[in-house]
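The chain contents come next:
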Amino acid sequence: MRLGLLAARAAPFKGELAVISLLTIGSSVALLALPWLAAQLLGGMVTGEKVTALSTGQVLSLLLAVLGAMTLLNIAAAVASARTSGRILERLRSDCHDHIIRLPVGFHDRSRQGDLLALMSYEVASLSTFLTSTLATVPAMLLTAIGALVLLFLLDPALALVVPLAVPVFFIVLKLVGRRLRALSAQVRKAEVDVVVAAETDLDMLPAIKSFAVEGGRQDVFDAKAAQARVMTFAQARMQAITGPVLALIVALAAVAIIVLAGEQVQAGGRNPAELFAFLLYAALLTRPVGALADIYGKLQIARGTLARLEAVLRVEPERGYAATQVPQDDVLAISFKNVGFAYSGRPLVLDGLSLDIAAGETVALTGANGTGKSTLIHLLLRFYEPQQGRICVGGQDIAALDVQGLRRLIGFVPQRGLMLSGSVRENITFGAPDASEAQIAAACALAQADGFIAALPRGFDTMIGDHGVRLSGGRRQRLALARALVCDPPVLVFDEATSMYDTQGEADFIAACRSALAGRTVLIVTHRPASLALADRVLELSDGKVAEVTAPS
């Protein structure tokens, strides 16, 4: 199945891969002609006699022509391989990225981000290289090996029988090495991913690392991971470095035996020097594809490990509901939770039979202690997770039957932590509405109380805000996140502690501006702040996974 997966991914590029194979086969044909031509030239030079129907000049011209043709074929093969490898890598990365971002949030909760980053970057890169630089050259290597053997038998069947005697030893060594390489491949991959994860963690935790002054300790952790990766990579490289030469040595020993036997024949006068030269050159030539095929076998074991990991990710089903029933088109939508139960994997129930109705155009606030399920309720509404029991309806339709992307476009979600692109202010605001007009952007920014600080930035909307918005304060990032939701003009707004980083005046200004903007929308607010609670028509308190109390806003 794993190699079948690789074949399926390579199918769109079978024409390009065939061209690479044909070019390398052409080079192998030229290579097989070289020993014969060189032997005729050397034989004539040694004996001073004409050993073929061709003159020495003609043989030399042919030899140079074959060398030139082989050089051009090798250049063409290398260029075609690089171009095709790049195209395959682009497709693999695109397909892998597309699949991963469509997987359920629960999958990402269980996965290490470093594993997925490694898979999408250097691991799929190794597969594209394996296809173009390794697998596509197998026919040429086989042709060289078989051609050299056939020509050896044509020159002297008795002497050529010495070479096959090494075949059983050859394959026993190859089998033993293959088992070790598979195990080492898995260990190398884990060690490399651990380095990626350590680096990613330190970059994410940089403010904490500096505030606790633990740079030295974190460096020690990273160095240990890097050292382990070095040890494993060297062990793998050492095994691969040993394999090729050892297998080539086996064939070379057979060639030495041939030389000894051939030398005896020459001394006895039973063979002319040209034939001897040709025979020895073909025996030496045989070591080249043998060593290359051994290297290919090792790389195949490594590729199988990568394919196993890729297959495990691709086997996970994407979120259900793409291209499903179209979402309701009403301007104002009601929301209802009917006997909803939900628990995260391996944990107790967070929501237990929760029922809640929010009328179209109503603003409802959710309060409650941490862990009572407020954010979980929002994540279920957005279908980040699926409830184990009950139904959730928007506009009277069960969201489980709706197109999941269409559903999410109905909901303007502002999380507590405003996630930012490493781009400009404009790119972040128009993240969900890339075609938004200047008037829409300006209106959303004014409503989110973001227009003032944006105007004061060096380049206004074109100011770059850094990785994760690091150049902006937490409150400013939250205002951009709010503007990003508002610019989409959704019929439903969901705020998860969306004003938690506002100062008192900023929140007051936002509340004043929001009162008219929220009219005609269905709004769900998770908050503990009194000013935000005042926006609500109803305040609901969650406790023990249910709506425990309903109060009027103060």
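This text goes with the structure placed above it.
Remember, it's a predicted structure, so these values are computed and weren't measured experimentally.

1. What about the overall build of the protein chain?
1) Next: Summing up its helical and strand segments, the protein chain has 19 helices and ten strands in all.
2) Next: For the protein chain, with 554 residues in total, the buried portion stands at 45%.
3) Next: Residue pairs in contact within the protein chain that sit at least 24 positions apart in sequence constitute 78% of those at least 6 positions apart.
4) Next: Carbon and sulfur atoms make up 62% of the accessible area of the protein chain, which amounts to about 26800 Å² in all.

2. Let's talk about the pattern of salt bridges
1) Next: A full pass over the atoms with the stated rule returns 14 salt bridges.
2) Next: Here Glu311 and Arg315 are joined by a salt bridge, their closest N and O atoms 4.0 Å apart.
3) Next: The closest approach of N and O atoms between Arg538 and Glu362, which form a salt bridge, is 2.6 Å. Here Arg538 is found in strand 9 (residues 538–543), whereas its partner Glu362 is found in the loop between strand 2 (349–358) and strand 3 (363–367), with 176 residues between them in sequence.
4) Next: The class for Glu362 is buried, based on a relative accessible area of 13%.
5) Next: One continuous salt-bridge network, built from bridges that share partners, spans Arg112, Asp115 and Asp194.

3. Some words on the sheet that holds strand 1 (residues 335–343)
Strand pairs in the sheet, formed through backbone hydrogen bonds, run parallel or antiparallel to each other.
1) Next: Taken together, the four strands give an open sheet; going across it, the order is 2-1-4-5, and neighbouring strands pair in antiparallel fashion. Every other strand in the sheet has two partners, leaving strand 2 and strand 5 (397–398) as the edge strands with one partner each.
2) Next: Bridge analysis of strand 4 (residues 389–394) against strand 5 gives two bridges, and the strand direction is antiparallel. In the sheet register, Val394 faces strand 5, and the bridge partner there is Gln397.

4. What to know about the packing of aromatic side chains
1) Next: Inspection of the entire model under this criterion finds four aromatic pairs.
2) Next: Look at Phe342 and Tyr385: their rings are 5.6 Å apart centre to centre, the planes differ by 50°, and that puts the pair in the tilted class. With a gap of 43 residues between them, Phe342 in strand 1 and Tyr385 in the loop between helix 12 (374–381) and strand 4 connect regions that are remote in the sequence. Comparing Phe342 with Tyr385 shows no difference in burial state: the two are buried.
3) Next: Plain terms: the ring middles of Phe384 and Phe413 are 6.5 Å apart, the flat faces sit at 70° to each other, and that makes the pair edge-to-face. Linking Phe384 in the loop between helix 12 and strand 4 with Phe413 in strand 6 (residues 411–414), this pair joins segments that are 29 residues apart in sequence.
4) Next: Phe413 sits in the partly exposed class, given a relative accessible area of 23%.
5) Next: Linked through ring pairs, Phe342, Tyr344 and Tyr385 together constitute an aromatic cluster.

Conventions adopted
- Here, residues in each chain are numbered from 1, in the same order as that chain's written sequence.
- Side-chain atom pairs in this predicted model are given and counted only at pLDDT of 80 or more, local residue features only at pLDDT of at least 70, and totals for whole chains, interfaces and linings cover all residues.
- Computation of side-chain values covers all heavy atoms of the structure but excludes hydrogens and water.
- The helix and strand labels rest on DSSP assignments: H or I over at least four residues marks a helix, E over at least two residues marks a strand, and numbering proceeds from the N terminus.
- Throughout this description, buried means an accessible area under 20% of the type-specific maximum (1.4 Å probe, protein chains only), exposed means over 50%, and partly exposed covers the range between.
- We call two residues in contact when some of their heavy atoms are within 4.5 Å.
- Areas reported as accessible are Shrake-Rupley estimates using a 1.4 Å probe. Residue values count occlusion only from the protein chains shown.
- A pair is scored as a salt bridge if a Lys or Arg side-chain nitrogen falls within 4 Å of a carboxyl oxygen belonging to Asp or Glu.
- Only strands that DSSP links by at least two bridges are regarded as paired with each other.
- In this scheme Phe, Tyr and Trp rings, the latter by its six-membered ring, pair at centre separations within 6.5 Å, and the angle between planes marks the pair as stacked below 30 degrees, edge-to-face above 60, and tilted otherwise.

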